[in-house]
Amino acid sequence: MWYSLGKFIVKYRLPLLLALLAINIVAVTLALKVKIGYDFSRAIPTDNPKYLDMQAFKAKFGDDAGTLVLGIQSKNFFTPKVFNAVSKLHQNLKKVPDVTDVLSVPEALNLINDTASQSFKTERIFQANYTAQAQLSSDSAAFASLPFYRGLLYNAHTKAYLVAVGVNKDTLNSKSRTRLIATVLEPVKQFEKESGITVQISGLPYLRTVIGDRIKHEMNYFLMASFLLSALTLYLFFRSISTTIMSLLVVGMGVIWSLATMQLFGYNITLLTAIIPPLIVVIGVPNCIYFLNKYHTAYKDTGNKAEALITMVGRMGIVTLFCNIAAAIGFAVFALTRSALLKEFGMVSGINIMLLFLISLIFIPAVLSYLPAPKPKEIKYLNNRFLESLLTKIENLAFKKAKLVYAVTFAITAFAIVGLFKLRSEGFIVDDLPKKDKIYTDLKWFESNFEGVMPLEIMVDTKKKKGLLRSKPLEKIDELAAYIEAKPETGRPISFVEGLKFAKQAYFDGDTNSYAVPSMGDLAFIGTYLTPKPEATPQSGGAIQLLNKFLDTNKQVARISVNMKDIGSQKLPLLLADFEKKSNEIFDTAAYKVTFTGSSVTFLEGSNFIIKGLRDSIFWAFLLITLCMLYLFKSFKILVCSLIPNIIPLLITAGIMGWVGVPLKPSTVLVFSIALGIAIDVTIRFLINYKQELPYNQHQVSPTLICTIHHTGISIIYTSLVLIAGFIIFCFSSFGGTIALGWLTSLTLVVGTLTNLILLPVLIRGIIRGK
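The model shown is predicted, which means the values in this text are computed figures rather than measured ones. (Residues numbered from 1 in each chain as written. Predicted model: local features only at pLDDT ≥ 70, side-chain atom pairs only at ≥ 80, totals over all residues. Heavy atoms only, no water.)

K.L.:
Which parts of the structure should I look at to understand the overall build of the chain?
P.N.:
When helices and strands are tallied, the chain shows 25 helices and 10 strands. Each principal axis of the C-alpha atoms in the chain carries an extent, and together these give about 110 × 50 × 45 Å. For the chain, the proportion of its 771 residues judged to be buried stands at 57%. In the chain, once contacts between residues fewer than 6 apart in sequence are set aside, the share between residues at least 24 apart is 80%. Total accessible area on the chain stands at roughly 32,300 Å², and carbon and sulfur atoms take up 62% of it. Across the chain, the centroid of the 78 positively charged side chains sits 12 Å from that of the 52 negatively charged ones. (Helix = DSSP H or I, 4+ residues; strand = E, 2+ residues; numbered from the N terminus. Buried < 20%, exposed > 50% of the residue type's maximum accessible area, 1.4 Å probe, protein only. Contact = heavy atoms within 4.5 Å. Areas by Shrake-Rupley, 256 points an atom, 1.4 Å probe, with all protein chains shown as cover. Lys, Arg positive; Asp, Glu negative; His and termini not counted. Charge placed at Lys NZ, Arg CZ, Asp CG, Glu CD.)

K.L.:
I'm lost on the packing of helix H22 (residues 636-660) against helix H25 (residues 736-767) in this one. Help?
P.N.:
Helix packing geometry: the angle between the two helix axes and the distance between the axes. Close contact between H22 and H25 brings their axes to 8 Å; oriented N to C, the two are set at 145°. Along this stretch, H22 crosses H25, giving a crossing that reads as right-handed. Of the residues that constitute the contact of H22 with H25, the class distribution is 20 nonpolar, 7 polar and 1 charged. (Axes fitted to C-alpha atoms, helices over the stretch in contact; angles between N-to-C directions. Left-handed = near helix turned anticlockwise from the far one by under 90°. Nonpolar A, V, L, I, M, F, W, Y, C, P; charged D, E, K, R; others polar.)

K.L.:
How should I be thinking about the pairing of strand S6 (residues 160-167) in this particular structure?
P.N.:
Residues in a regular strand project their side chains so that they alternate between the two faces of the sheet. Counting buried residues in S6 gives 8 out of 8 residues, a clear majority hidden from the surface. Side chains Ala160, Leu162, Ala164 and Gly166 project from S6 onto one buried face, and the interleaved Tyr161, Val163, Val165 and Val167 project onto a second face that is buried too. Bridge count between strand S1 (residues 67-73) and S6: 7 bridges; the pairing is antiparallel. Each bridged residue has a counterpart across the sheet, and for Gly71 the counterpart in S6 is Leu162. Two strands pair when backbone bridges link them, and strand S5 (residues 154-155) and S6 are joined in this way by 2 bridges, in the antiparallel orientation. Within S6, the position partnered with Tyr154 by the bridge is Tyr161. Between the end of S5 and the start of S6, which pair antiparallel, lie 4 residues, with Lys159 showing a positive phi angle near 55°. (Pairing = 2+ DSSP bridges.)

K.L.:
Before we go on, may I ask you to explain the sheet that holds strand S8 (residues 454-461) in this structure?
P.N.:
What links the strands of a sheet is backbone hydrogen bonding, and the strands pair in either a parallel or an antiparallel sense. Strand order in the open sheet formed by 3 strands is S9-S8-S10, and the pairing between neighbours is antiparallel. Lying at the two open borders of the sheet, with one neighbouring strand each, are strand S9 (557-564) and strand S10 (593-597). Recorded for the sheet is a direction-independent mean angle of 15° between the axes of neighbouring strands. Pairing of S8 with S10, which is carried by 5 bridges, proceeds in the antiparallel orientation. Across the sheet, the residue bridging to Ile458 is Phe596, located in S10. Sheet strands touched by helix H21 (residues 599-633): S8, S9 and S10. Its angle to S8, the strand with the most contacts, is close to 105°.

K.L.:
Just to check I follow, could you spell out the packing of aromatic side chains for this structure?
P.N.:
Remark: the centre distance and the inter-plane angle together describe each pair of aromatic rings, the angle taken between the planes. Following the criterion strictly, the structure yields 29 aromatic pairs and no others. Plain terms: the ring middles of Phe126 and Phe143 are 5.6 Å apart, the flat faces sit at 50° to each other, and that makes the pair tilted. Here Phe143 lies in helix H5 (residues 133-144) and Phe126 lies in the loop between strand S4 (119-124) and H5, a separation of 17 residues in the sequence. Ring centres of Phe148 and Tyr149 lie 5.1 Å apart, and the angle between their planes is 85°; on these two criteria the pair is classed as edge-to-face. Residue Tyr149 is classed as buried on the basis of its relative accessible area, which comes to 2%. (Phe/Tyr/Trp six-rings, centres within 6.5 Å; stacked < 30°, edge-to-face > 60°.)

K.L.:
Can you walk me through the nonpolar core in this structure?
P.N.:
A general trend in soluble globular proteins is that nonpolar side chains are found buried together. Among the nonpolar cores identified, the biggest contains 245 residues, and Leu70, Tyr149, Phe496 and Ile764 are the most heavily contacted of them. Ranked by residue count, the leading element in this core is helix H23 (residues 666-693), at 16 residues. Listed in part, the 5 residues of the second largest apolar core include Met54, Phe57, Phe61 and Val557. (Core = buried A, V, L, I, M, F, W, Y, C linked by side-chain atoms within 4.5 Å.)

K.L.:
Got a minute to help me understand unusual backbone geometry in this structure?
P.N.:
Only a minority of non-glycine residues have a phi that is not negative, and only a minority of peptide bonds are not trans. Despite not being glycine, Asp98 has its phi angle at roughly 75°, a positive value. Residues other than glycine seldom take positive phi values, yet Lys555 does so here, at roughly 55°. Within the secondary structure layout, Lys555 lies in the loop between helix H19 (546-549) and S9. We classify Lys555 as partly exposed; its relative accessible area is 30%.

K.L.:
When you look at the environment of Leu16 in this model, what are you seeing that I'm missing?
P.N.:
Mapped onto the secondary structure, Leu16 falls in helix H2 (residues 13-31). As a C-alpha pair, Leu16 and Phe686 span 670 residues in sequence and 30 Å in three-dimensional space.

K.L.:
For this particular structure, what's the right way to read the pattern of salt bridges?
P.N.:
Close approach of charged atoms lets side chains of opposite charge pair. Summed over all chains, the structure comprises 14 salt bridges. As a salt-bridge pair, Glu498 and Lys501 come within 3.4 Å of each other at their nearest N and O atoms. Placement of both Glu498 and Lys501 in helix H17 (residues 496-507) is noted, with a separation of 3 residues, approximately one turn of the helix. With respect to class, Glu498 is no different from Lys501; both count as buried. In this structure, Glu585 and Lys582 form a salt bridge, with 3.8 Å as the shortest nitrogen-oxygen distance. Placement of both Glu585 and Lys582 in helix H20 (residues 568-586) is noted, with a separation of 3 residues, approximately one turn of the helix. Judged by its relative accessible area of 53%, Glu585 falls in the exposed class. It is possible to trace a salt-bridge network through shared partners that takes in Asp478, Arg492, Glu498 and Lys501. (Salt bridge = Lys/Arg side-chain N within 4 Å of Asp/Glu carboxyl O.)

K.L.:
Where do I start with the pairing of S1 in this structure?
P.N.:
The element S1 is largely enclosed, with a buried count of 5 among its 7 residues. Bridge count between S1 and strand S7 (residues 200-202): 3 bridges; the pairing is antiparallel. If you follow Leu70 over to S7, its bridge partner there is Ile201.

K.L.:
Help me understand H2, please; the structure alone is not making it clear to me.
P.N.:
Quick reminder: α-helices carry 3.6 residues per turn. Residues three or four places apart thus point the same way. Over its 19 residues, H2 runs 26 Å from end to end, which matches the ideal 27 Å to within 8%, given 1.5 Å per residue. All buried positions along H2 are accounted for by Leu16, Leu17, Leu20, Asn24, Ala27 and Ala31. End-on, the buried residues of H2 take up no more than an arc of 95°, which puts them together on one face. The outward face of H2, more than 90 degrees from its buried face, is lined by the exposed residues Leu21 and Ile25. Contacts from the buried residues of H2 go to helix H1 (2-11), helix H9 (241-264) and helix H12 (340-370). (Expected span 1.5 Å × (residues − 1). Arc of directions from axis to C-beta.)

K.L.:
It is not clear to me how the state of the cysteines should be interpreted in this structure. Could you clarify?
P.N.:
Between two cysteines, a covalent bond joining their sulfur atoms is known as a disulfide. Under the defined criterion, the tally for this structure stands at 0 disulfides. Cysteine Cys288 remains unbridged, with the sulfur of Cys323 as its closest cysteine sulfur at 13 Å. Of the residues examined, Cys288 reaches a relative accessible area of 0% and is grouped as buried. The structure places no disulfide on Cys628, whose sulfur is separated from the nearest cysteine sulfur, that of Cys323, by 11 Å. On the basis of relative accessible area, Cys628 is assigned to the partly exposed category, the value being 22%. (Disulfide = S-S within 2.5 Å.)

K.L.:
I tried to follow a nonpolar patch on the surface on my own but got confused; where do I start?
P.N.:
A cluster of nonpolar side chains, namely Leu336, Phe619, Trp620, Leu623, Leu624 and Leu627, defines an oily patch on the protein surface of about 550 Å² accessible area. Considering the arrangement of structural elements, one finds Leu627 in helix H21. (Patch = residues over 30% accessible without salt bridge, like charges linked within 9 Å, V, L, I, M, F, W, Y side chains within 5 Å.)

K.L.:
Explain the confidence of the model for the chain to me, please; I cannot follow it from the model alone.
P.N.:
A low pLDDT score tells you not to read the predicted coordinates there in detail. The pLDDT averaged across the chain works out to 85; a share of 96% of its residues lies at or above 70. Within the model, the stretch residues 536-543 combines pLDDT values under 50 with 12 contacts to residues more than four positions away or in other chains. (pLDDT = per-residue confidence, 0-100.)

This is the structure:
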């Protein structure tokens, strides 16, 4: 069949090339339309309870991740020079398009009891521009008498001050997010230049945008680097510019088709699907090496170009097909998970790896048929003395030192299994950044001065309309908030109860001791003051607006908003469990429903869900690849021989992760499915060649193994070097997760190459004796 297919491709090469050209024109048109996606909330399924809780929260109170925070630390903050500069910064930030509100010390408001109109009026605490220190000191003393702002806008102990910048959610989830963040940072840079004070910057909008842009730029760099590395490797192997260009065109088409597939399916480029183009390059080059190596070998044997082309397709067609099937399975199993992000990654990568095989099968023999026959220098690599010597040593190990091979394999595997028990699963919202990176150091600054910026949201449902307009639920909310505030991992909670405390203090003419939860008697007097007044608009930023932002319209559900440290996926569940236990003690579950949600909770759920999905995908990849191997070789003994050399590299990688302290997280769990799908290629390449060589060696195992080691060894070593070098590129990333993906996958492929070239022949000789 495959020989007939080779004849067909050579005979109809021109129509086939024209068909590929037409498809590529359409693919380029589609690829140019694909967009970058900025919605980061699709890691968990839409029917997940945590997802539903978050959507319910957003429906009532809006997005919790729309605030960018600026930190200023100065003992001279309340001097005219610095204070006026901060005031100017506030005004400049308000002018930025898509900035919805700004909250800072210079624009802080006080509530004044207007007994005549029985209402609270907002009044600015500070003036617009100070020239005298005495007036500023007086106003700062008035500001310090308002407990509402303590821990919210300033930390008196560390002289740290916060500017909160609200930004438009729709812009954040669009391609304009980079422009928005850059525009917000312009007045910040101006402030730093004029005042000489360094501003710390954080908040989820900032973190997601800057990290997302970094990853996007890195992926572009990795794509170009993988092309250049592939070109260099191919030229060094084959010493032919035309062959190198042909191979690059193969992977180039694969990249274009992968982008076109995203557009065809209506997918955007995400942080996960962005790594597909570099992976297509890395996986596509071995296809070219497999075909070219067999073409050169056949031409060397026959001296006939046409016959060599047909032999290339006849002998390598099935090998490359099953190699690509195995690699595609390693990626496509992600589509079996319920995470939208993983589904898209699995679908696009799995489909395009198979399309890459189709491109290689048609394009390579068709183009080679038009090119001149290989020159002696182009097939010189087939007589590489160093590699021949290396393969001879491998042969000696397999035939003369089998016990040593078993002993070393057993010892290393046992060492890895011990490390496996040290493996832990942990992730952080801001993960993998170098400890000296400004994003990381700024985040730690906010954790030191304001207990972090990661949002935790709590909804307290009284299950009754206007159920919050009583002192009992107010006291319970305040008790829970006090418990949360006492924890070192969390900052000061903000709720409408804090607004009522502020209102009570204002009602009693600013008496600091009156900043407390209003009693039923207090509420009776204060109630009329809390009616919204014309001056209390969202633009005013007055504290009275807490009553609108932290209550639903029915006065039934209250919101408690907490900023917390990025404590990781191991500690966060314990902290949330502690909070839930305390809330159950405070609130009667029959009368109240307390829900913990927010980006911190959905991150934890999403991280755990992705890791579980990736673990499941490894199982399915292993099962499907096992079935493919059983179908291909129809021998249980061969199946056992094929699986052991591929299980051991995964065990060794997992063991080393445990020993060196690399945790399981989405970026590192991804290694196992990818590496399994790619490493099994070497096994398939070896065993199919072994199967093809058996008839020429009277079905004798030992002579066939010797032929297989020498016939396939060179191409296996070359393709493994290309794959390893391709993944090593990721080690130049600035993100720990991407670096781990690079070196862990490369390690797995190195070990996989060694086990397939050394252990696999030993296993075959031990299990399949004689004929």
